[in-house]
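# Coordinate inspection notes
What follows is the residue order along each chain.
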Number of protein chains: 2
Amino acid sequence: MKSTHHYCVIMAGGIGSRFWPLSRVEKPKQFVDALGIGKTFIQLTYERFARFIPAKNFLVMTGENYKDMVLEQLPALSPDQVLTEPCRRNTAPCVAYAMYKLRQMDPEAVAVVTPSDQYIGNDEAFLRVMRGCMDFARERPVLLTIGISPTYPATGYGYIQARREEGQDFTPVMRFKEKPDSRTAMTYLSEGNYYWNSGMFVWSVGAIIEALRDHLPEVATRFESVGMAYNTPMERALVNQAFTDCPSISIDYGVMEKSDRVYVRCTNDLAWSDVGSWGALYGLLEKDIRENSASGASRVNLTDSNHNLIKVTNPKKQVVIDGLSGFLVADTDDVLMICPLSDENRIKAVIEKASSKD
Amino acid sequence: MKSTHHYCVIMAGGIGSRFWPLSRVEKPKQFVDALGIGKTFIQLTYERFARFIPAKNFLVMTGENYKDMVLEQLPALSPDQVLTEPCRRNTAPCVAYAMYKLRQMDPEAVAVVTPSDQYIGNDEAFLRVMRGCMDFARERPVLLTIGISPTYPATGYGYIQARREEGQDFTPVMRFKEKPDSRTAMTYLSEGNYYWNSGMFVWSVGAIIEALRDHLPEVATRFESVGMAYNTPMERALVNQAFTDCPSISIDYGVMEKSDRVYVRCTNDLAWSDVGSWGALYGLLEKDIRENSASGASRVNLTDSNHNLIKVTNPKKQVVIDGLSGFLVADTDDVLMICPLSDENRIKAVIEKASSKD
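Let us look at the structure shown here.

Conventions we followed
Residues numbered from 1 in each chain as written. Chains lettered and ligands numbered in written order. Predicted model: local features only at pLDDT ≥ 70, side-chain atom pairs only at ≥ 80, totals over all residues. Heavy atoms only, no water. Least-squares fit on C-alpha atoms with pLDDT ≥ 70 in both. Contact = heavy atoms within 4.5 Å. Buried area = accessible area lost by both parts, 1.4 Å probe. Salt bridge = Lys/Arg side-chain N within 4 Å of Asp/Glu carboxyl O. Polar contact = N/O pair within 3.5 Å; in protein donor to acceptor, adjacent residues only side chain to side chain. 1 Å grid on protein atoms, 1.4 Å probe; cavity = no way out; pocket = protein on both sides within 12 Å on 5 of 7 lines; lining within 4 Å. Points joined across faces, edges and corners; volume = space filled by probe spheres on them. Nonpolar A, V, L, I, M, F, W, Y, C, P; charged D, E, K, R; others polar. Helix = DSSP H or I, 4+ residues; strand = E, 2+ residues; numbered from the N terminus. Buried < 20%, exposed > 50% of the residue type's maximum accessible area, 1.4 Å probe, protein only. Pairing = 2+ DSSP bridges. Axes fitted to C-alpha atoms, helices over the stretch in contact; angles between N-to-C directions.

## Comments concerning the relation of the copies chain B and chain A
- For the pair chain B and chain A, the best superposition has an RMSD of 0.1 Å and corresponds to a rotation of 180° with a translation of 0.1 Å parallel to the axis. Each copy turns onto its partner about a two-fold axis.
- With an isologous cut-off of 70% or more, the 100% of interface residues of chain B that recur at the interface of chain A puts this contact in the isologous class.

Set out below in structure tokens:
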């Protein structure tokens, strides 16, 4: 049963280019079918939550230029469910906007806030975990985060240090940690009470608005002042002004790290990934017996080639590769990129240089 | 001065796929700008000969489906200068057709017969050599070939064994040799009187028709029988019948190897290549300081990459390559091919497999 008080806010404002040339400023990662399964990340995200949240209870936060793409990819949503930021102000103003608007719609709302571009391998576990979180947050004025049991000393994720409490699903958070260096990440792993910060939050609108007032009054007051105009024709203009006046600050830094009501739901069975690099994507993809993953082409001939990730966006294209191993080959209408798959920093540098306009 | 009795017959019937995916059955090598200089091989061939042969004295022999492409690429020619073969019968019937037709036009014609897809680096030397050949052939009933002094023991060319005659430009041919194995090729080189068979011939129509009658009567009689119909509206139908009735045989095997009036003009300064492989093409191209040759793309970013041949047919495409060395990267509208550049046989095998329709 889907609760009418349950809401989902999908944060889809990212303009990342980690999957350049597959993702671009004009079509960021969340709108791309990087897994080659016929669904984009935002579609997968929507479907995951739509199992327990009614379609009309979704909000998508995105940039003005992506609104049409959201509506095209999520046809179950109406235009007034896609909210746009007039300018980029990081996540806190965005969350504040959504929460004040939700409170005006439903003061009993319990909301999950989620990135739009993650991968979850175990949908059943996800459903179970999220339902537990919604219940937990409905009954208490807490700010709940989802923490992923680390499987390796990742340096690409932030960490959540939880209080050591055996046998509890929900644990108070001691501290949030920035992306660590490799050595620190290994310490975290051996400590045992550190979790990857998934970027998903669950809370009642009452709890998050109280926390915003306490810790980010310069954001809270601006969205408070929109008042009764939420969900009226006046909302747009007033919210745009509020955004413009807000400082740029993340919800993690502005609220989560400061509140003493933050809990983490630790889990190890979501098969979660933020798919933050070509290498991470390669790890998730189905591969042939020689560890090649090729998708998007009409025909692929591989000879003496192993451990390659091959992504083609023209379904009429044939790919012929001989004697190439450990490479990323990404071919779009206007870019052909070939580089070693294993070194994330190198790919990043290559992308930075190649995607600059000069 | 261009002699009105000098003619050039360009053989453009090849359907080779050595430069697949750049060249295709639909657009064979001679019609491709493989050198990336804005001119195709047949255009370069035409221009080379047009320096001493009038435009109206050219004939191009090609397949029916390539006629429009020839006329498009050689706008100086009129449609009746482009002759088509109704079926593939190797070179002897094709040469016979052109020569009988020429004789009907001009019994004093001296003709050079040339492939349409070769590279000549030294146009001045070429002009000098060819003029000498035309003069030599006008005055004697000889069949003249152009022999290239070998610079390495190539196994991809046929060889011409010349009689040892010091200080002569034109030497009688002792024997034609098929493409040798590597060991034999080295013997040829050390012998000193072996030359690469360029596939270019020079002769008067009288000499070649006499030789055809002597050595290939089954071909000669068929084109002889077209008689007065050459250069009339009846030519087409009668020639098509002649072709169909002819055996499939090469002019080399059918005439050149049998006649005792064959001479070779040996030369070492044409900078000649038949550009018979991707590797041969790479050798001819301009390269950057790291021995990369990239052409056809709007922008190329190369990092830690050496000795690559990169060919792109979409001028709006950007190429980004990191950590790749010694590879051929060929990108067309419908094929992306990546394979080691050094191993010709390997490329051949890959192309064969990839270009098959199954």
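## So, the interface of chain B and chain A
- Taken together, the 35 residues of chain B in the interface contact 35 residues of chain A.
- Both faces considered, chain B and chain A share a buried interface measuring about 2600 Å² in area, 49% of it formed by carbon and sulfur atoms.
- Here chain B and chain A share six salt bridges between them.
- Lys317 of chain A is the partner of Asp331 of chain B in a salt bridge, and the nearest nitrogen-oxygen pair spans 2.6 Å.
- Where chain B meets chain A, there are 24 residue pairs in polar contact (both at pLDDT 80 or more).

## Examining empty space enclosed by the protein
Residue and element names in this part refer to chain A.
- Scanning all chains against the criterion turns up one cavity of 30 Å³ or more.
- Approximately 30 Å³ is the volume found for the largest cavity.
- If you trace the largest cavity, you find it lined by Arg48, Phe49, Thr114, Pro115, Gln118, Ile120, Phe126 and Met200.
- Tallied by class, the residues present in the lining of the largest cavity amount to five nonpolar, two polar and one charged.

## Observations concerning the pattern of salt bridges
- Within the structure shown, the criterion is met by 38 salt bridges over all chains.
- Taking the shortest distance from any N to any O, the salt bridge between Glu224 of chain B and Arg103 of chain B comes out at 3.4 Å. One end of the pair, Glu224 of chain B, is in helix 7 (residues 217–224); the other, Arg103 of chain B, is in helix 3 (residues 91–105), with 121 residues separating them in the sequence.
- Here Arg103 of chain B falls in the partly exposed class, since its relative accessible area comes to 29%.
- A salt bridge links Glu139 of chain B to Arg138 of chain B, with the nearest nitrogen and oxygen atoms 3.4 Å apart.
- Owing to a relative accessible area of 44%, Arg138 of chain B belongs among the partly exposed residues under this scheme.
- One salt-bridge network, in which partners are shared between bridges, spans Asp135, Arg138, Glu139 and Arg140 of chain A.

## Considerations on helix 1 (residues 41–50) of chain A
- Judged by how many residues are buried, helix 1 of chain A sits mostly within the fold: nine of ten residues are covered.
- Where helix 1 of chain A is concerned, the buried positions are Phe41, Ile42, Gln43, Leu44, Thr45, Tyr46, Arg48, Phe49 and Ala50 of chain A.

## Observations concerning the sheet that holds strand 12 (residues 293–295) of chain A
- Pairing in this open sheet of six strands is mixed, and the strands run 12(A)-14(A)-16(A)-17(A)-15(B)-13(B) from one edge to the other. The sheet is open, and its two edges are formed by strand 12 of chain A together with strand 13 (299–303) of chain B, each paired on a single side. Going across the sheet, the axis of each strand differs from the next one's by a mean of 5°, ignoring polarity.
- Sheet topology places strand 16 (residues 327–331) of chain A next to strand 17 (residues 335–340) of chain A; five bridges connect them, and they run antiparallel. Each bridged residue has a counterpart across the sheet, and for Ala330 of chain A the counterpart in strand 17 of chain A is Met337 of chain A.
- Lying on the sheet, helix 11 (residues 344–355) of chain A is in contact with strand 16 and strand 17 of chain A together with strand 13 and strand 15 (318–322) of chain B; it crosses strand 13 of chain B at an angle near 150°.

## Examining the pairing of strand 1 (residues 6–12) of chain B
Residues and elements named next belong to chain B.
- In terms of residue burial, strand 1 counts as a mostly covered element, since seven of its seven residues are buried.
- Here strand 1 shows no split at all, with His6, Cys8, Ile10 and Ala12 on one side and Tyr7, Val9 and Met11 on the other all buried.
- Pairing geometry for strand 1 and strand 4 (residues 110–115), over six bridges, is parallel. Across the sheet, the residue bridging to Tyr7 is Ala111, located in strand 4.

## Overview of the sheet that holds strand 17 (residues 335–340) of chain B
- Taken together, six strands build an open sheet; the order of strands is 13(A)-15(A)-17(B)-16(B)-14(B)-12(B) and the sheet is mixed. The two strands at the open ends of the sheet, each matched to only one other strand, are strand 13 (299–303) of chain A together with strand 12 (293–295) of chain B. The sheet shows a mean angle of 5° between the axes of neighbouring strands, direction not considered.
- In this sheet, strand 16 (residues 327–331) of chain B lies alongside strand 14 (residues 309–312) of chain B in parallel orientation, the contact comprising four bridges. Residue pairing in the sheet places Lys311 of chain B in a bridge with Ala330 of chain B of strand 16 of chain B.

## Topic: unusual backbone geometry
Residues and elements named next belong to chain A.
- Along the chain, Trp20 connects to Pro21 via a cis peptide bond; the corresponding omega equals 5°.
- Locating Pro21 in the fold gives a position in the loop between strand 1 (6–12) and helix 1.
- One non-glycine residue, Asp304, lies in the positive phi region at around 45°.
- With respect to the helices and strands, Asp304 occurs in the loop between strand 13 and strand 14 (309–312).

## Focus: the side chain of Asn292 of chain B
All names here are of chain B.
- With respect to the secondary-structure elements, Asn292 resides in the loop between helix 10 (278–284) and strand 12.
- For Asn292, a relative accessible area of 3% puts it in the buried group.
- Polar side-chain contacts of Asn292 include one of 3.3 Å to the backbone nitrogen of His307.
- From its side chain, Asn292 meets the backbone nitrogen of Asn308 in a polar contact 3.0 Å long.
- Contacts of Asn292, omitting those with residues within four sequence positions, involve Glu286, Lys287, Leu302, Ser305, Asn306, His307 and Asn308.

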